[in-house]
Amino acid sequence: MNSGIDLQASFIESLKTFGVPGGAAKALWIPFPMFLMIIGATVGVLVTVWLERKIAAAVQQRVGPEYAGPLGVLQPVTDGIKLVFKEDITPAKSDTLLFTLGPILVVVPVFLSYLIVPFGQNLIITDLGMGIFVWIALSSITPIGLLMAGYASNNKYSLIGGLRAAAQSISYEIPLALSVLAVVMMSNSLSTIDIVEQQAGYGILGWNVWRQPVGFLIFWLAALAECERLPFDLPEAEEELVAGYQTEYSGMKFALFYLSSYVNLVLSALLFAVLYLGGWEFPIPLSQMADWFGVSPNNPWLQVLTASLGITMTLLKAYFLVFIAILLRWTVPRVRIDQLLDLGWKFLLPVSLVNLLLTAGLKLAFPFAFGG
Amino acid sequence: MEFASNFSDQLNVGLILPEGIVVATLLAVLIGDLILGRRAARGLPYIAIAGLLLSIVSLYFYWDAENPTALLGSFSGDDLSIIFRGVIALSTAVTILMSIRYVEQTGGALSEFIAIMLTATLGGMFLAGANELVMIFVALETLSISSYLMTGYMKRDSRSNEAALKYLLIGAASSAVFLYGSSLLYGLSGGKTILPEIAQGLAQVEGGELASAIALVFMIAGIAFKISAVPFHQWTPDVYEGSPTPVVAFLSVGSKAAGFALAIRLLVVAFPLEQPQWRLIFTALAILSMILGNAVALAQTSMKRLLAYSSIGQAGFVMIGMVAATQAGYASMIFYLLVYLFMNLGAFTGLILFSLRTGTDQITEYAGLYQKDPLLTLGLSICLLSLGGIPPLAGFFGKIYLFWAGWQAGLYGLVILGLVASVVSIYYYIRVVKMMVVKEPQEMSDTVRNYPAVRWNLPGMRPLQVGLVFSLVVTSLAGILSNPLFTLANTSIENTEALKSASTFLEETTAQNKEVSLADPMAPAIVEK
Amino acid sequence: MDLAQGVQFVSFIILAAMMFSAALGVVLLRNIVYSAFLLGAVFISISGLYLLLNAEFVAASQILVYVGAVNVLILFAIMLVNKKEAFPALGRNWLRGGATALVCVGLFALLGTMAISTPWSIADRAGVAAEGSVIKIGKHFFSDFLLPFELASVLLLITMVGAIILARRDLIPEEPPESGLTETEAYKLQERPRELISVGKSESEDQS
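Along each chain, numbering runs from 1 in the same order as the chain's sequence is written. As they are written, the chains are lettered A onward and the ligands numbered 1 onward, keeping that order. Restriction of local features to residues with pLDDT of at least 70 applies here, the model being predicted, together with a cutoff of 80 or more for giving and counting side-chain atom pairs; totals for whole chains, interfaces and linings are based on all residues.

(A) Local environment of the overall build of chain A. A run of H or I in DSSP becomes a helix once it reaches four residues, and a run of E becomes a strand once it reaches two; helices and strands are each numbered from the N terminus. Along the backbone of chain A there are 16 helices and zero strands. Both definitions apply: the radius of gyration is a C-alpha atom measure, and the globule rule equals 2.2 Å times residues to the power 0.38. Relative to the 2.2 N^0.38 estimate, which gives 21 Å for 372 residues, the radius of gyration of chain A is 22 Å and therefore close to what a compact globule would have. Each principal axis of the C-alpha atoms in chain A carries an extent, and together these give about 65 × 55 × 45 Å. In chain A, which comprises 372 residues, the share counted as buried stands at 45%. Remark: C-beta atoms are placed from the backbone, and a residue is labelled buried if 20 or more other C-beta atoms sit within 10 Å of its own, exposed if 12 or fewer do, or partly exposed between those counts.

Written as C-alpha cells, this is what we have:
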C-alpha cells in the first residue's frame, strides 16, 4: 500500500542532512503539529461561527452579517477580538481558583482530541494504537470542568446548568461509545487510520454508513447531545437557566467555553466523517482513477494531489455535518430534561446495544462484508 | 484439531456445571419476573430453590473428579471445594425458604431479592473453588457487592440504609487491603496468579520475607473481614441488626463458609512456608473472637444481635480447626460448618417466624411462647441448644471434633479456652430457651399473650414451616447419626490433592532449611503429623 | 540517558509530584469540593503513570472510568447534598490528627521499606509495546482469565439490577389485599414504615 506523503519523515530526514541527531530532529518536529492543530481548530471554529450566522439568517430569511469583510466573513474575527478585549469579571463571591480552572478544563481535552483526527495516511498528529478510545476517554473529562464552572460561579442557574451538563454528557457517552464500538469491531482496530483504511477500496459504497445505518444515527444524536447543541442544549437553555454554567462568565473565559463548544462540534463532525464517511477517501477510489489514466502510484504529483484531496474531502464531509447540525439547531425545538434523559437511557442505550450485538452477529455471518 | 482437544481438556468446563445451573436459575428468575409479572412471580422462589438443589445434585457427580482443575487453572473443583459449594448452595436454598414471606411482608420486590441472593451464592461458590488471584478477587467482589445490595434492600428503613452504607464502606476498604496483598504476591512470585505457582515462586525468592509477611497479613485481614473475626468484626453487629433477617442468616452461614473456604485454600496452597505465621495470626483471631463474641452476646437483649455476636463466637470455634492445620483440623471445620448451617439457619427461621407474627425480636418478649406455639418453641430451642453444644445434638459433636483436632495438634490452651467459651455460650442460649419454656402462663409477655392464631396456610408461611421442620430434624438427628457427615468431611479432605501436595511441599522445603519453621514454638505440631 | 529516557524520567517526576500533592490535598483540605476535584487530579496523574508504563489502554480506561464516571458521580453527590453543617469543635483535635499521622507515616515507612528491600522477581520484562496492549488484554480475557471475565458479567448485571432497585421509587399497585393478609397490627414488621405512593397517570412527575 502506498503510504502517501509523510511530512514528519521528510522533515526529520532533511534535518539529519544538516547533521542534527535523530532524537533532536524529532523533538524539533514536535511543536509544528501542535501549533498547526491549535490554529487549524481555531480557524475551523471561525468558519463554523460564520456558517452558523449565515445559515441561521438564511433559515429566518434574513441577510445575516454583511459588513465585516466580503459576505461578513470577518464577523467571527471581530467577535473574537471583542471577547479578548472585554473586561474579565470574576464575581465577588465566587471561588476564584475554580472559576478560572473550569473553562481551561473544558477546553484542553477538546483540543487534545484533535491528536487523533486523520486527514490522510500520514497526515495525523499521532497515530495512537487506540485513537478513537482516547477521544472517548478525553471527552469524559469535560463534565468535570463544567461542574467546576457551575459550582465556582456560586449561582443557582450555573450550578443547575453544570449538573445538567454533566448528567447529559454521562448519559450520552454510553450510546456514543457503543456505536463507536460497533465500528471498531468491524475494522478490528481502535486506530482512526485503520478505521478509514477498512472503508477504502470500494469508494462511496465501502463507507460505514451503509453498514451501520442505525449506528451512525445513534452516533450523531449522541454527539449532538455531547456538544450541547440544540435540540439538546439544556445546560444553557436561555429560557430556563439564563445561560447555564456560563452565566457568570465574560471576556476570555466565556470565549473559552464558546470556543470549546464549537471546536467540539467540528471535532464530532470530523470523527463522524472518519467513522462513517470514509475519512479522507474520495467517493471514487483515487488509485483506480490513477490506473485509468495510466499514472504511476509513485508519481510525486499524484501524491500531492491525493494529500490535498484527502484534506479537502475530510473537511467537506465534516462541514456537511456541521451544516446539518446548524440546520437542526434552527429548525427543531428543544427537548425537556426528562425527555432528554429518557431518550438517552431508555431508547438510545438499548438500541445501541442491539446494534452492537447485530454487528457482531453479522460479522460472524458475513466476514467479507463486515470485516472478518 | 490436536490443539483444540487439548485446549478443551484444559478448559474442562464441565466442572463448573453447578455454577452454570445457578446462573441459569438466576436468569430464569430475572427474566421470568420481567415477562410474567407480579402474579406469576409467586412461583419464582421455588424455581430458585429447585435450581439450587439441582446444582447440589450436580455437585455430587463431580465428587472425586479425575482432573479437578478447570479453565486453565483458575478454578479447582476438588472435593474440598465441592463440599463448601454444597454448603453455600444449601444455605441459600434454606434462606430463600425463610425470605419469601419476609420480603413480601416488608414490601420489597421478591424476585429481585432472590436474584441478588443467587448472585451472592454464585460468588460464594466460585470463591470456594477459586484457585487464582484474579478469580478470587472477582468472586469475592461478586459475593460482597450482592451482600451490600441485600443489606440495603429494605430501603425505607433507615437502619437498613445505615447497615448497607457501613457494610459497603468497611467492605470496600477490606477489599482494597486484600487486593494490595494480592498485588504483592503477584510481584513476589514473578507475575504468577495461580496459587500453587505462587507458592513455588515465593519459595524461590531470597530475602522477600518482609513483603510476603505483609502480603499474608493483608490477605488475612481481607478474609477475617468476611468471616467477621474479632478485630475485623466492627461491622457485624450494626449490619446484622439493620439488614433484613434472611440476609443476616445468609451472611452468617453462606458468606462465612465461603470465607473459610477461601482461607483454607489460599493459606494452605499459596503460603505453605508461612504456616507458622498464619497459624499464629489465626490463633489470635480465634482467641479474640471466642472471648469477645461470647462475652458480648451475654449482654444482648435483642435476639438478632444475640445471634450476631454468637456467630462471631462460633467463627472463633471454627478457627481452631484452621489453627490446627492438620487434615483432622480441616475436616472438623467442614463438619462443624455443615452442622452449623442447619442449626443456625433453624434459629434464624424461628426468629423470623416470631418477628413476622409479633413484630418484635426482644428476648424478653419470648416469655411463655411454649403455650402458644409449641412447634416454634421446639425448633428454636433445639437449634439454640445445639448451637450451645448440648450433648445429643449435632452441635455437640461438631465442637467435640473441633476440640479433638485442636488437642491432637497440641493446641491445649486454645482448646481449653474454647471449652470455657462454649460454657459461657450455653448460658445465653439457655436463657432464651428458659424464657420460652419455663415461664408460667401468668408470666407470659404481652406480645405472646396477643399472639395471633398459628396459621400455616397463609401465603409464604408453608416454606417457613418446611424450613423450620427440616432444620429441626437435621439438627436433632445429625448428632446421633453423624457418621455419614463425618465421613463426608474426612474423605473430602483426604481426596483433595491441593492440601496434600502443599504439606509435602512444606516438608520438602523444611527439610532443606530447618530454621524456617522450627523457629516457631508451634511448629512441632506439623512435624508430629 | 538519551532524549526519550530523559523525557520519561522528567515526566515521571512531574506526575509523581502531582499525584502526591493532589493526594495529600484530598486528605488534608477542609473543603470537600476541593478534595473531590483533587481526586480527579490524582486519577489523571495515575493514568499518566500508566502511560509511562506502556499500558495505554489501561491509562485511557483509567480516565474514562475514574475521571469520567466515578469522580463525576462523587461530585454530583457532593453538589446535590452540599449542606453546610457547623460541627462542634472537638477537644484535643491535634491528638487525633497526630495519631492518624503517626499511623499513616508508620504504614508508609513499613511499605516503603518493603518495596525497597524486596528483590522483586521481574521475570517477564518483554513489554507490551511489541503488540498493542488491547490485543494482549483481549487474549488474556479469552484464555487464562476467561472465568473471572465471565463472572464479572454476572456481577455487572446484578449490580445494575441492584442499583435500579435501590434508586427507583416503589410503586405499590392499588390492588385489594388478599383475604387473611389484612394489615393487622400483629403482622406488621419494624421495617414497615413507608408512605404509599399510588400509581397515577402523571408519569412525568415520577421520572424527573
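Still more to cover.
(B) Here's a closer look at helix α4 (residues 93–117) of chain C. An expected span of 1.5 Å times one less than the residue number is assigned to each helix. In this model α4(C) runs 36 Å from its N-terminal to its C-terminal C-alpha over 25 residues, within 8% of the 36 Å that 1.5 Å per residue would give. Counted residue by residue, α4(C) has zero buried out of 25 residues, so it is predominantly exposed.

(C) Examining the nonpolar core more closely. By convention the nonpolar core is taken to be a set of buried residues drawn from Ala, Val, Leu, Ile, Met, Phe, Trp, Tyr and Cys and joined through C-beta atoms within 7 Å. Judged by nonpolar contacts, the single largest core of 200 residues is most densely connected at L127(B) and L337(B). Among the elements that line this core, the one with the most residues is helix α14 (residues 327–358) of chain B, at 22 residues. Beyond its immediate stretch of four places on either side in the chain, L337(B) contacts V87(B), A257(B), F260(B) and V318(B). If you look at the next biggest cluster of nonpolar residues, it comprises 111 residues, including V134(A), W135(A), A166(A) and M186(A). This entry defines residue contacts through backbone-placed C-beta atoms, with two residues in contact when those atoms are within 7 Å.

(D) Focus on the packing of helix α3 (residues 31–59) of chain A against helix α13 (residues 251–276) of chain A. All names here are of chain A. Axis geometry follows a simple rule: fit a line to the C-alpha atoms, using only the stretch in contact for helices, then measure angles between N-to-C directions, giving values from 0 to 180 degrees. The N-to-C vectors of α3 and α13 enclose an angle of 95°; their axes lie 9 Å apart at closest approach. As far as their axial angle goes, α13 and α3 are roughly perpendicular. Contacts between α3 and α13 involve A41, G44, V45, T48 and V49 on the former and, on the latter, L259, Y262, V263, L265 and V266. Lys, Arg, Asp and Glu make up the charged group, whereas Ala, Val, Leu, Ile, Met, Phe, Trp, Tyr, Cys and Pro make up the nonpolar group; the residues left over, Gly among them, are polar. Residue classes in the contact of α3 with α13 are distributed as eight nonpolar, two polar and no charged. The scheme is simple: roughly parallel for angles under 35 degrees, roughly antiparallel for over 145, roughly perpendicular for 65 to 115, oblique for anything else.

(E) A look at the environment of A297(B). All names here are of chain B. With respect to the helices and strands, A297 occurs in helix α12 (residues 275–298). A297 gets classed as buried once you count the C-beta atoms within 10 Å, which come to 22. Linking A297 and I312, residues 15 residues apart in sequence, is a C-alpha distance of 9.3 Å. With near-sequence residues (within four places) excluded, A297 lies in contact with L306, Y309, S310, G313 and Y428.

(F) Spatial organisation of the interface of chain C and chain A. The interface is formed by 24 residues belonging to chain C together with 24 residues belonging to chain A. Mapped onto the side of chain C that touches chain A, the elements with two or more residues apiece are α1 (3–28), α2 (32–52), α3 (56–80) and α7 (203–207) of chain C. It is α3(C) that contributes the most residues to the side of chain C that touches chain A, 13 residues altogether. Residue classes in the side of chain C that touches chain A are distributed as 15 nonpolar, seven polar and two charged.

(G) Inspection of the interface of chain B and chain C at higher detail. Of the residues lining the interface, 52 residues belong to chain B; the matching set on chain C comes to 35 residues. Taken together, the elements giving at least two residues each to the side of chain B that touches chain C come down to α2 (17–40), α5 (110–129), α6 (133–151), α7 (158–188), α9 (209–226) and α14 of chain B. Residue contributions to the side of chain B that touches chain C peak at nine residues, all from α6(B). Across the side of chain B that touches chain C, the residue classes tally to 26 nonpolar, 19 polar and seven charged.

(H) Main features of unusual backbone geometry. All names here are of chain B. Here the phi dihedral of S228 falls at roughly 45°; this positive angle occurs in a residue that is not glycine. Looking at the element boundaries, S228 is found in the loop between α9 and α10 (235–242). Phi at A325 is positive, roughly 55°, even though this residue is not glycine. Within the secondary structure, A325 sits in the loop between α13 (303–324) and α14.

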